[in-house]
Amino acid sequence: MCSSDLVEQIGAKAESAVAQESPADEPDDFPGGRATTGAADTARVGEGRKVLVVDDEEGLCRIARRWLEAMGFGVTTCTTAEEALAFLRDQSFDVLFTDIVMPGSLDGPALARGAKVVRPGVRVVMTTGFSPEPYDDLEDAQILKKPYARADLQAVFGSIRFDAADVGDSVR
């Protein structure tokens, strides 16, 4: 499947899921994602934490926002890496969740590197529908393969460890 087909498939399914009035009615998967067993529900692991979601597909931003908010995270979304870097300069976030492949002068890894300069304590989760290459300078970044299920997102974000001192990072 070519990349534009994957983006259209995921984007269309995300748009459809976001259009649902009730989060309980949302599908737990992007198309092709692994089905959930229903066991892992919305643990509030993100309570008091802020996530910056960056994806050039607005529908994917919206569904990620819903799923992360259900986990207790405060969420801001951007559709360009340049816009996200401006947010990171002005506001503090605990986690940067970014697509790897995006149009414009910055891709996800370049955004993550810039984020680490302006917000050294930010955790990075990158997502892609392609085979990710190793990013040796971003060794602490986690990779979430698209298409992903809600449970996959919960597992990755649930595995992020925050120090007690990090709580202030959200409000600096």
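Scroll up to find the structure this text is about.
From a predicted model like this one, the values you see are computed outputs, not experimental measurements.

> Is there a simple way to think about the overall build of the chain in this case?
Scanning the chain from terminus to terminus reveals 5 helices and 5 strands. Expressed as a percentage of the 172 residues in the chain, the buried residues total 46%. Here the analysis covers contacts within the chain between residues at least 6 apart in sequence; of these, 70% occur between residues at least 24 apart. Carbon and sulfur atoms make up 50% of the accessible area of the chain, which amounts to about 8,300 Å² in all.

> Where do I start with the environment of Thr98 in this structure?
With respect to the helices, strands and loops of the structure, Thr98 is situated in strand 3 (residues 95-99). Judged by relative accessible area, which is 0%, Thr98 ranks as buried. A sequence separation of 26 residues divides Thr98 from Val124, and the C-alpha atoms of the two residues are 7.8 Å apart. Setting aside its immediate chain neighbours within four residues, Thr98 contacts Val54, Gly108, Leu111, Val125, Met126 and Thr127.

> So what exactly am I meant to see when it comes to the pairing of strand 3 here?
For a regular strand, side chains alternate in direction, first toward one face of the sheet and then toward the other. Summarising burial for strand 3: 5 of the 5 residues are buried, a large majority. Here strand 1 (residues 50-54) runs beside strand 3; their pairing, made up of 4 bridges, is parallel. Across the sheet, the residue bridging to Val53 is Phe97, located in strand 3. Of the pairings in the sheet, the one linking strand 3 to strand 4 (residues 123-128) comprises 5 bridges and is parallel in character. By the bridge assignment, Phe97 is partnered in strand 4 with Val125. Considered for its hand, the β-α-β crossover made up of strand 3, helix 4 (residues 108-118) and strand 4 is right-handed.

> Could you clarify how one ought to interpret the pairing of strand 4 in this entry?
Judged by how many residues are buried, strand 4 sits mostly within the fold: 5 of 6 residues are covered. With 4 bridges joining them, strand 4 and strand 5 (residues 142-145) adopt parallel strand pairing. Bridged to Thr128 within strand 5 is Lys145.

What counts and what doesn't
Residues numbered from 1 in each chain as written. Predicted model: local features only at pLDDT ≥ 70, side-chain atom pairs only at ≥ 80, totals over all residues. Heavy atoms only, no water. Helix = DSSP H or I, 4+ residues; strand = E, 2+ residues; numbered from the N terminus. Buried < 20%, exposed > 50% of the residue type's maximum accessible area, 1.4 Å probe, protein only. Contact = heavy atoms within 4.5 Å. Areas by Shrake-Rupley, 256 points an atom, 1.4 Å probe, with all protein chains shown as cover. Pairing = 2+ DSSP bridges. Right-handed = clockwise from strand over helix to strand, strands pointing away.

Functional significance is not addressed by these values, which are geometric in nature.
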